[in-house]
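Examination of the molecular architecture
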Amino acid sequence: AIGQTLPEACFVTSMTELKTALRGFSPTGDFILKRPFGFAGRERRKAVRGELDPSTLGFVQRTLERGQGLQVEPWLERAGDYALHGFLLKNGTLFTGPVVEQRCDAMGRWQGSELAPTGALDGREQALLQTELERSARALHGIGY
């Protein structure tokens, strides 16, 4: 309901939709396929040059057979991984923590976090991160979380 945040990103529920998505644009030529409710970068596979190797094809087939869909996003070369955590009260009040820098492996799987150094994000980047946290909190509160 809150939409996609990356150009060319989509959620697919069939192999036909997936094949169409993998013909889309990615600045690296690669795509990341994510199962719903994955955590810390797990439950995902990379489609190199938009192709499904046998292991990734099995991952896709099992996911679709379970009636789940896949989030498909262009694979981006990341300059850094940052997060902003919050605590959402039942009345919708959001308490925001500090920006953390995440250590991730080459596949983007989370390895750990620590406080981001001062100046790691410029003002615009920090404001965008805060906006997305607030947008997510509103959506979660709206569905009764």
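Before reading on, note that the structure itself is shown above.
Read on for an overview of the structure. Quick caveat: nothing in here was measured; it's all calculated off a predicted structure. Throughout, residues of each chain are indexed from 1 in the direction in which the sequence is written. It should be noted that, the model being predicted, local features are given only for residues of pLDDT at least 70 and side-chain atom pairs only at 80 or more, the latter also being counted only at that level, while totals for whole chains, interfaces and linings use all residues. Water and hydrogen atoms were dropped before computing side-chain values, which therefore reflect all heavy atoms in the structure.

A few points about the packing of aromatic side chains
- Each pair of aromatic rings taken from Phe, Tyr and Trp, with Trp reduced to its six-membered ring, is defined by centres within 6.5 Å and is described as stacked if the planes are under 30 degrees apart, edge-to-face if over 60, and tilted in the remaining cases. The final tally for this structure, using the stated rule, is zero aromatic pairs.
- Working rule: Lys NZ or Arg CZ, within 6 Å of ring centre, within 35 degrees of ring normal, means a charge sits over the ring. Across the ring face of Trp-75, the terminal group of Lys-46 is positioned such that the distance to the ring centre comes to 4.2 Å.

So, the sheet that holds strand β1 (residues 10-12)
- A strand pair is defined by DSSP finding two or more bridges across the two strands. Only DSSP runs of H or I reaching four residues or more are called helices, and only runs of E reaching two or more are called strands; each is numbered from the N terminus. Pairing within the open sheet is antiparallel, and its four strands lie in the order β1-β4-β2-β3. Each having just a single partner strand, β1 and β3 (44-47) make up the two edges of the open sheet. Across the sheet, the axes of successive neighbouring strands diverge by a mean angle of 25 degrees, strand direction being ignored.
- The sheet contact formed by strand β2 (residues 31-34) and β3 spans four bridges and is antiparallel. Directly across from Ile-32, in β3, lies its bridge partner Lys-46.
- Should any heavy atoms of two residues lie within 4.5 Å, those residues are counted as being in contact. Angles shown run from 0 to 180 degrees and are taken between the N-to-C directions of axes, each axis being a line fitted to C-alpha atoms and, for helices, limited to the stretch in contact. Lying over the sheet, helix α2 (residues 54-65) contacts β1, β2, β3 and β4 (70-74), oriented at roughly 130 degrees with respect to β3.

Things to note about unusual backbone geometry
- You will see that Glu-8, though not glycine, has its phi angle at about 75 degrees, which is positive.
- In this structure, Glu-8 sits in the segment before β1.
- Phi is positive for Arg-49, close to 55 degrees, though the residue is something other than glycine.
- Note on placement: Arg-49 falls in the loop between β3 and α2.

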